[in-house]
Each structure stands twice: as C-alpha cells, then as structure tokens.
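Close look at the chain arrangement
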Amino acid sequence: MTDLPTRRSRRLAEADRARAEEHRARAAAAEPPTVAIDLRAPAPVPEIVTGRRRDRERPETPTDGTRVMGILNVTPDSFSDGGLHQAYDAALQHARDLVAAGADLVDVGGESTRPGAERVPVEVEQDRVLPVVRQLVSEGIAVSVDTMNASTAERAVEAGAAIVNDVSGGLADDDMARVVRDTGAGFVVMHWRGHSDRMYRNAEYAHAVDEVRREVEHRVAELIILGVREEQVVIDPGLGFAKQGVQNWEILAGYERFASIGLPVLVAASRKRFLDGVGSAAGAPPRDRDLATAAISLLAAERGAWGVRVHDPAPTRAVLDVWDAWRAARS
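Quick look at the structure, then. (Residues numbered from 1 in each chain as written. Predicted model: local features only at pLDDT ≥ 70, side-chain atom pairs only at ≥ 80, totals over all residues. Heavy atoms only, no water.)

Quick look at the overall build of the protein
Note the following rule: Numbering of helices and strands starts at the N terminus; helices are DSSP runs of H or I of at least 4 residues and strands are runs of E of at least 2. Only protein chains enter the calculation, and the probe is 1.4 Å; a residue is then buried if its accessible area is under 20% of its type maximum, exposed if over 50%, and partly exposed in between. In this analysis, two residues are considered to be in contact whenever any of their non-hydrogen atoms come within 4.5 Å of each other. In these tables, accessible area is a Shrake-Rupley quantity obtained with a 1.4 Å probe, and a residue counts as shielded only by the protein chains included in the view.
Helix and strand counts for the protein stand at 11 helices and eight strands. Classification of the 331 residues of the protein by burial places 48% in the buried group. Contacts in the protein between residues at least 24 apart in sequence constitute 67% of all its contacts with a sequence separation of at least 6. Summing over all exposed atoms, the protein offers an accessible surface of approximately 16700 Å²; the carbon and sulfur share of this is 53%.

Listed below in structure tokens is the structure:
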C-alpha cells in the first residue's frame, strides 16, 4: 500500500513533462511574431524650431537665437486680454500688429488656461482658432497653436501651424504624442500638475527648481519613448502653473538648471500675477506688467533662451535690440 502514492506521483510528473514537451514543440513550430515597421521618413521639423531666428532687414545679432512669440488669445476669458481679439477680423489684425511690433511667430489659442478656467468643448476651440491659423499662414506668418487637444493640434498643423504649444505637455490628451510624432511639428512641453481649475492645489514643493526639472525631464523621456524626437521638443518650466508667488522667481533664478537638460527653453512670464507690483504699482492692470516682462525677456535671452512668450512684443524687442547694440559695440 505504501507504494501507491509514489506511483501516482510518478504518473503526475510524467504527465507534466509530456505537457511541457508538447507546449515547447508548439512554440517552436509557431510563426514568429510580426513587428510593424514604419518605413516612412520622419516629417521634417520646422526651421523655426531648430534654426536660428532671422530678420531679413538686419544682419544676424546675438539675440537671433531667441524667438519672440506673440500671444493671440481668441477667447472671451483670458486673464489679460479676454474678449479683445475673439472676433475673426480682430484676431487677424492683432496678429499682424504683433508681427509688426517684433514677434517672430504668433501663438494662437482658443481656450483660456488662466487660474480657475474651465475647459471648453473642442469644437468651440477649433471654430475659434482654425480659420485664424489658416489665414495667418497664408500671409506668411509663422504660427504655433496653443492647445491641449490632440485633434485641434492635428488640424492646426494641417492648416500650417509649425508648433504645438501644449501647457499639459501632452498629459491632457493621450493622443497628443502621436500627433506630434506623425506631423513632425515642434512641441512645447510645459511643466504641468493639473488643469487650471485645480492646479494650485498641487503647488506644493520642497524644492521647486529640482522637482520641476525632474518632472519635465521625466515627461520628455516618456515622449521620446512614444516616438517624439528630441529635435522637436522645446521645454517650458510653466511659470504661474501650479506655482505660487516666490516659486516662480525661484524657477527663473534656476534657469540654468533647466537649460542643462540640453533642450531649448521657452520662458513664458508675460503679465503673470507674480509680476504684480514689480516694476509697476501693485494692483495695476496686467498690461502694466509689460516692462517687467521685457526685463525677464532680456535676462532669458542673455542666458540663451530659445524663446520668450509675450503679450506685447514691442518692449521685449526694444530691450533685445539695445542688448544687440551693446554687444556689437564690444565685439
């Protein structure tokens, strides 16, 4: 009787070996998995992203590496200029004025990202921005589209936009990385910790510069894994987004830490609340912060920033021209 368990164990072991052999035989005979390989050449990255800024009316100068991005909000509720340029004709005229004042490209947005702003339907956003993008491109104006929606980005690039400026860095829409990858558009990847209606709940940092830098670097790595190329990417540390008061100054003071990532940097400080009372009276309208904005633009350009995003290009262009003249006299 004592031999019965042993016999049963042997039979079970033999059965297990037989099943394992059968499984290995089937695996060996199976067709190897097919891997889809995209043989298309990648779409070229627009020169405004990778090249130096050019002004046909004057020779190259030190600040030709820093682009001035003019802001065009085709919205009723942006914090500084909501409703001023929502009408189609008003939007076009303001874009032309931005270029005349020194903007190298125009950033067209149809959804406010001011603190507390609620999302708008994507159809509304597209109705606001796409006709403007098409017309500006037809006039030879370089355009970026300020959107968190992949479908808006895709249609805007099809209409001629060279850059997708996404304040969420592609986190708000999972399809954004594919759109950027497939179109070859430039991609401004901003540091983001949630939508505008709740972002300040996440403005908690032990060390703002280190944490923001780490999160930006991690996000860029994710995008590269998803097929976005390094040469498409511009990083933006996200001044005013999930950052309070002095945290924004810390980010600016730590500019070199972001530049050390090795990617172009966009500085977007224009008229933001942390500038209130700096170079203008406390509580003054946002437009009174343009001189402080221009000062930040100069400091950013001096440190090699790829671009500065501003509501009024004129004071920023003026200080950059002064810096050019100063540098030229020393050379």
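As for the pattern of salt bridges
Put simply, the rule reads: When a carboxyl oxygen of Asp or Glu lies within 4 Å of a side-chain nitrogen of Lys or Arg, that pair is called a salt bridge.
Taken as a whole and judged by the stated rule, the model has 18 salt bridges. Of the charged contacts, one joins arginine 309 and aspartate 146 as a salt bridge, the two residues approaching to 3.2 Å between their closest N and O atoms. Of this pair, arginine 309 sits in strand β8 (residues 307-310) while aspartate 146 sits in strand β3 (residues 143-146), and the two are 163 residues apart along the sequence. For arginine 309, a relative accessible area of 14% corresponds to the buried category. Measuring nitrogen to oxygen at the nearest pair gives 3.3 Å for the salt bridge that ties aspartate 182 to arginine 178.

What to know about the environment of tyrosine 255
Take tyrosine 255: it is sitting in helix α9 (residues 255-259). Look at tyrosine 255 and you get buried, because its relative accessible area is 7%. Distance in space between the C-alpha atoms of tyrosine 255 and leucine 299 is 9.8 Å, their sequence separation being 44 residues. Once residues within four sequence positions are removed from consideration, tyrosine 255 is found in contact with Val265, Val267, Arg303, Gly304 and Ala305.

Thoughts on the packing of helix α4 (residues 122-138) against helix α5 (residues 150-158)
The line we're drawing: A fitted line through C-alpha atoms represents every axis, and for helices the fit uses only the stretch in contact; the resulting angles, taken between N-to-C directions, go from 0 to 180 degrees. With respect to orientation, any angle under 35 degrees is reported as roughly parallel, any angle over 145 as roughly antiparallel, any angle of 65 to 115 as roughly perpendicular, and every other angle as oblique. Take the far helix as the reference: if the near one is turned anticlockwise from it by less than a right angle, the crossing is left-handed, and if turned clockwise, right-handed. Each residue is assigned to one class: nonpolar for Ala, Val, Leu, Ile, Met, Phe, Trp, Tyr, Cys and Pro, charged for Asp, Glu, Lys and Arg, and polar for all the others, Gly among them.
Relative orientation of the contacting elements α4 and α5 amounts to 15 degrees, with a least axis distance of 10 Å. Judged on the interaxial angle alone, α5 and α4 are roughly parallel. The hand of the α4/α5 crossing is right-handed. Contacts between α4 and α5 involve Val122, Glu125, Gln126, Val129, Leu130, Val133 and Arg134 from the first element and Ser151, Thr152, Arg155 and Ala156 from the second. Its residues assigned to classes, the contact of α4 with α5 shows five nonpolar, three polar and three charged.

Re the nonpolar core
Note the cut-off: Throughout, nonpolar core names a set of buried Ala, Val, Leu, Ile, Met, Phe, Trp, Tyr and Cys residues whose side chains join them through atoms within 4.5 Å.
Counting 70 residues, the largest nonpolar core has Leu72, Val106, Val108, Leu136, Val164, Ile235 and Val267 as the members making the most contacts within it. The leading source of residues in this core is helix α7 (residues 208-225), at six residues. Residues Met69, Leu105, Ala162 and Val188 belong to the second largest nonpolar core, which totals 10 residues.

What to know about the packing of helix α10 (residues 290-302) against helix α11 (residues 313-330)
Between α10 and α11, the least distance of the axes is 8 Å, while the angle of their chain directions is 40 degrees. One way to sum up the angle between α10 and α11 is to call them oblique. Every pair of crossing elements has a handedness; the one defined by α10 and α11 is right-handed. Residues Asp290, Leu291, Thr293, Ala294, Ser297, Leu298, Ala301 and Glu302 of α10 lie in contact with α11, whose contacting residues are Pro315, Thr316, Val319, Leu320 and Trp323.

Some remarks on the sheet that holds strand β2 (residues 105-109)
Rules: DSSP-based pairing: two strands are paired if at least 2 bridges between them are found.
Read across the open sheet, the eight strands follow the order β6-β5-β4-β3-β2-β1-β8-β7; overall the sheet is parallel. With partners counted over all chains shown, the strands left at the sheet margins are β6 (233-236) and β7 (266-267), one partner each. The pairing of strand β1 (residues 67-73) with β8 spans four bridges and is parallel. In the strand pairing of β8, valine 68 is matched with valine 308. Relative to the sheet, α4 contacts β1, β2 and β3, its axis offset from that of β2 by approximately 160 degrees.

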